[in-house]
Amino acid sequence: TRPDDEQLKSDSARINRLESALNLKKGACTIESVQKDLQAAIAASDKPKVSECVASLFDMIKGGQVTWDTVRTLKVGKDVGNAMKMGDADIAASARKVVGEIQALAQRAGIGL
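The model shown is predicted, which means the values in this text are computed figures rather than measured ones.

*Asks:* Explain the overall build of the protein here, please?
*Replies:* Along its length, the protein carries five helices and zero strands. Written out in order from the N terminus, the α and β elements of the protein read α-α-α-α-α. At 18 Å, the protein has a C-alpha radius of gyration far larger than the 13 Å of a compact globule built from 113 residues. When its C-alpha atoms are laid out on the principal axes, the protein stretches across 65 × 30 × 20 Å. Looking at the protein as a whole, 29% of its 113 residues are labelled buried. Accessible surface, the protein as shown: approximately 7,100 Å² in total, 54% of it carbon and sulfur. For the protein, the centre of its 17 positive side-chain charges and the centre of its 15 negative side-chain charges are spaced 5 Å apart.

Here is the structure:
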């Protein structure tokens, strides 16, 4: 391999790392807005909106779009727990899946929750 190839590989790796970091930062903003929507929907007892928010959180956490630090700092689990207590079986089931993903995220972060 030529030295140029090595340089290109390391540049490409650096770009990938930057893109990953940017996506996680974007994910942090997005999850925060979904969380605020969820809080508002719970307060308004808007079950369809709560379902939608819980599903979004599940996809984001499962899809690795947010870090454990973000989820922990924002206390996303608390709001998911509140959604669970609304007395709707479907919402509770979806919320339990989110809690499972949050726990998996914590384990992947090496916390051993």
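*Asks:* I would appreciate a short explanation of helix H2 (residues 47-62) in the present structure.
*Replies:* Think of an α-helix as turning once every 3.6 residues; residues three or four places apart then point the same way. The terminal C-alpha atoms of H2, which comprises 16 residues, lie 22 Å apart, in line with the 22 Å expected from a rise of 1.5 Å per residue. When H2 is considered as a whole, its buried residues turn out to be Val50, Cys53, Val54, Leu57, Phe58, Met60 and Ile61. The N-capping residue of H2, defined by a side-chain oxygen 3.1 Å from the backbone nitrogen of lysine 49, is aspartate 46.

*Asks:* Help me understand the nonpolar core in this model?
*Replies:* General note: in soluble globular proteins, nonpolar side chains tend to be found buried as a group. Ile31, Leu38, Val50, Leu57, Ile61, Val71 and Val98 are the most contacted members of the largest nonpolar core, which has 25 residues in total. The set of elements that each furnish at least two residues to this core consists of helix H1 (3-43), H2, helix H3 (68-74), helix H4 (76-84) and helix H5 (89-108). By residue number, the principal contributor to this core is H2, which donates seven residues. Not counting the four nearest positions on each side in its chain, isoleucine 31 is found in contact with Leu57, Met60, Ile61, Val66, Thr70, Val71, Leu74 and Val76.

*Asks:* What's the story with the pattern of salt bridges in this structure? I'm lost.
*Replies:* It is possible for side chains bearing opposite charge to pair when their charged atoms get close. Scanning all chains against the criterion turns up six salt bridges. Between lysine 9 and glutamate 6 there is a salt bridge, and its shortest N-O distance comes to 3.9 Å. On the criterion of helical spacing, the pair formed by lysine 9 and glutamate 6 is a turn pair, its members being three residues apart in helix H1. Across the pair lysine 36 and glutamate 32 runs a salt bridge whose closest N-O atoms are separated by 3.3 Å. With lysine 36 and glutamate 32 both in helix H1, this residue pair falls four residues apart, about one helical turn.

Thresholds, definitions, all that
- Residues numbered from 1 in each chain as written.
- Predicted model: local features only at pLDDT ≥ 70, side-chain atom pairs only at ≥ 80, totals over all residues.
- Heavy atoms only, no water.
- Helix = DSSP H or I, 4+ residues; strand = E, 2+ residues; numbered from the N terminus.
- Rg over C-alpha atoms; globule rule 2.2 N^0.38 Å.
- Buried < 20%, exposed > 50% of the residue type's maximum accessible area, 1.4 Å probe, protein only.
- Areas by Shrake-Rupley, 256 points an atom, 1.4 Å probe, with all protein chains shown as cover.
- Lys, Arg positive; Asp, Glu negative; His and termini not counted.
- Charge placed at Lys NZ, Arg CZ, Asp CG, Glu CD.
- Expected span 1.5 Å × (residues − 1).
- Polar contact = N/O pair within 3.5 Å; in protein donor to acceptor, adjacent residues only side chain to side chain.
- Core = buried A, V, L, I, M, F, W, Y, C linked by side-chain atoms within 4.5 Å.
- Contact = heavy atoms within 4.5 Å.
- Salt bridge = Lys/Arg side-chain N within 4 Å of Asp/Glu carboxyl O.

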